[in-house]
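# Understanding the architecture of this molecule
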Amino acid sequence: MNMRRYGRVFREFFRACLVEEMEYRSEFFGNFIASFFGIAIALLTVHIFFYQTDRLGGWTYGEVLVLLGVFNTLRGFIDFALRPNMPRLLEHVRRGTLDYILTKPVDSMFYVSFRHLVFWRLIDVALGIGVIGFGLYVERYVPSAADVCMFLIVMAASLLLIYSLWMMLMTTSFWVVRIDDLSFIFDSFFDTARFPGSMYRGAVRLVITYILPAVLITNTPALALLGKWRIPTALAALAAAILFLWLARRFWRFALRFYTGAGG
């Protein structure tokens, strides 16, 4: 794909969605309050856990706060760009309206992934960054420039992994259109990433570490910001992100062969 061209297309998506959302400014404040209470409840839950123990899966209170902040930041980006679009793919396939997207002079996978943006969800990104800062303050740790650089790299890898995994899941709608909410499956998977991976045992830990790398998505960026990163781990995260993105792209092209359109 021509990156400059698709950058311009994304800017147009951005502008159109922003204009649309500004028509309902009062909703922004209500959504801000809802997001604030959501993160407050999450913080309270973590605090309750640490009434009973000094460590959670080997993580201290401050480290778990950093992890929670990373999780909330990633969820904010998901709800900003991915959640408004992915469920629509199911409707496009079910109703046959994907025809109109396939005829547009833009890559269909790009279009169905980023056409709709919900700006108020960026509140969760800001709150997540705030929780990260609070966790670092509690931990009494100041990240170095190398820590921040590694954090940004593995966060980018995490976003690519999230996008790729959800895209592959939603692409199955070409065959299983009777499933009403494939997004619920993704949410259940992603929610496991809000806690340290060392909490889980047995088959669950094996799945969320090596098969569906939920632990990699949040734990690795949090550890990077805490100065506990290793270059092999960062390289593994990047390699996994690129691999899953390639698989998602291949799977999308494969699925398009089975799309029959509105005319059946």
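Throughout what follows, the structure given in this document is the object of discussion.

Parameters and conventions
Residues numbered from 1 in each chain as written. Predicted model: local features only at pLDDT ≥ 70, side-chain atom pairs only at ≥ 80, totals over all residues. Heavy atoms only, no water. Core = buried A, V, L, I, M, F, W, Y, C linked by side-chain atoms within 4.5 Å. Buried < 20%, exposed > 50% of the residue type's maximum accessible area, 1.4 Å probe, protein only. Contact = heavy atoms within 4.5 Å. Phe/Tyr/Trp six-rings, centres within 6.5 Å; stacked < 30°, edge-to-face > 60°. Lys NZ or Arg CZ within 6 Å of the ring centre and 35° of its normal. Helix = DSSP H or I, 4+ residues; strand = E, 2+ residues; numbered from the N terminus. Expected span 1.5 Å × (residues − 1). Polar contact = N/O pair within 3.5 Å; in protein donor to acceptor, adjacent residues only side chain to side chain. Salt bridge = Lys/Arg side-chain N within 4 Å of Asp/Glu carboxyl O.

### Some words on the nonpolar core
Among the nonpolar cores identified, the biggest contains 73 residues, and L98, I162, W166, M167, F186, F190 and I217 are the most heavily contacted of them. Discounting chain neighbours no more than four positions away, the residues touching I162 are L74, I78, L82, F186, F190 and I217. In terms of nonpolar packing, the next biggest core, distinct from the first, is built from five residues, C17, F80, L117 and F119 among them.

### Considerations on the packing of aromatic side chains
Tallying each qualifying case throughout the model produces five aromatic pairs. Note on F36 and F37: the rings are 6.3 Å apart at their centroids and 80° apart in plane angle, and the pair reads as edge-to-face. The exposed category is assigned to F37, whose relative accessible area is 52%. An aromatic cluster is defined as three or more aromatic residues linked by ring pairs; in this entry it consists of F110, F114 and Y163. Here the guanidinium or amino end of R140 rests over the ring plane of Y137, the centre of that ring lying 4.7 Å away.

### A look at helix α11 (residues 214-225)
Under the 1.5 Å per step criterion, the end-to-end length of α11 is 18 Å for 12 residues, consistent within 8% with the ideal 16 Å. Those residues of α11 lying buried are A214, V215, L216, I217, T218, N219, T220, P221, A222, A224 and L225. Just beyond α11, the residue with positive phi is G227, at close to 80°.

### Some words on the side chain of D79
Counting through the fold element by element, D79 comes out in helix α3 (residues 61-82). With relative accessibility at 7%, the residue D79 sits in the buried group. A polar contact of 2.5 Å, which involves the side chain of D79, links it to the side chain of R83. D79 has contacts with P84, V118, R121 and D124, leaving out every residue within four places of it along the chain.

### A look at the pattern of salt bridges
Under the definition given, this model contains five salt bridges. For the salt bridge of E63 with K228, the shortest nitrogen-to-oxygen distance reads 2.3 Å. With E63 in helix α3 and K228 in the loop between α11 and α12 (231-256), this pair connects stretches of sequence that are 165 residues apart. Residues joined in a network through salt bridges with shared partners are D79, R83, R121 and D124.

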